[in-house]
Amino acid sequence: MEIMRQLIINMDPPDHVKYRRVVRNAFTTKAADMLEPLMREFAKNIIDTVAPGGECEFVSEVSTEMPLFVICALMEMPAANHKADPQGGNLCSASSTRGNLGVCAAGY
């Protein structure tokens, strides 16, 4: 439960505002557009991984991977710091090169 309180999405001002200022420039259309080739390659890799099996568990093998990858890429977090939460949410714990955020999340 403590980790849930640390997620920016669950913060109230003034803490939310402080962390939002750190990451706001990462979440722009221009930043996402610059990552498009990388996102396409990652999406292709996801499909290449699950396609040989003929079927997959879409939520855990596909839909949770891409948003986590994009969010962490926008925040310039090293891929080694991304980790999926087996309970259905995603967490990436790291220090971003744009500031120490502690924990970022894309929960589903």
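Caption draft 1: Molecular detail of the pattern of salt bridges. According to the stated counting rule, one finds 2 salt bridges in the structure shown. Across the pair Glu36 and Arg40 runs a salt bridge whose closest N-O atoms are separated by 2.8 Å. In this pair, Glu36 and Arg40 are both assigned in helix H4 (residues 36–50), 4 residues apart and thus about one turn of the helix distant.

Caption draft 2: Broad picture of the nonpolar core. Ala26, Ala31, Leu35, Met39, Phe69, Val70 and Leu74 form the largest nonpolar core, which has 7 residues in total. At 3 residues, the largest contribution of residues to this core is made by helix H6 (residues 65–74). Ignoring any residue separated from it by four or fewer positions in sequence, one finds Ala31 in contact with Asn25, Ala26 and Leu74. Leu68, Cys72, Met75 and Met77 belong to the second-largest nonpolar core, a separate cluster that totals 5 residues.

Caption draft 3: Structural context of the packing of H4 against H6. The N-to-C vectors of H4 and H6 enclose an angle of 150 degrees; their axes lie 10 Å apart at closest approach. The pairing of H4 with H6 is recorded here as roughly antiparallel in orientation. Seen from above, H4 lies across H6 with right-handed handedness. Residue-level contacts link Leu38, Met39, Phe42, Ala43 and Ile46 of H4 to Glu65, Met66, Phe69 and Val70 of H6.

Reading the values: rules and limits
Residues numbered from 1 in each chain as written. Predicted model: local features only at pLDDT ≥ 70, side-chain atom pairs only at ≥ 80, totals over all residues. Heavy atoms only, no water. Salt bridge = Lys/Arg side-chain N within 4 Å of Asp/Glu carboxyl O. Helix = DSSP H or I, 4+ residues; strand = E, 2+ residues; numbered from the N terminus. Core = buried A, V, L, I, M, F, W, Y, C linked by side-chain atoms within 4.5 Å. Buried < 20%, exposed > 50% of the residue type's maximum accessible area, 1.4 Å probe, protein only. Contact = heavy atoms within 4.5 Å. Axes fitted to C-alpha atoms, helices over the stretch in contact; angles between N-to-C directions. Parallel < 35°, antiparallel > 145°, perpendicular 65-115°, else oblique. Left-handed = near helix turned anticlockwise from the far one by under 90°.

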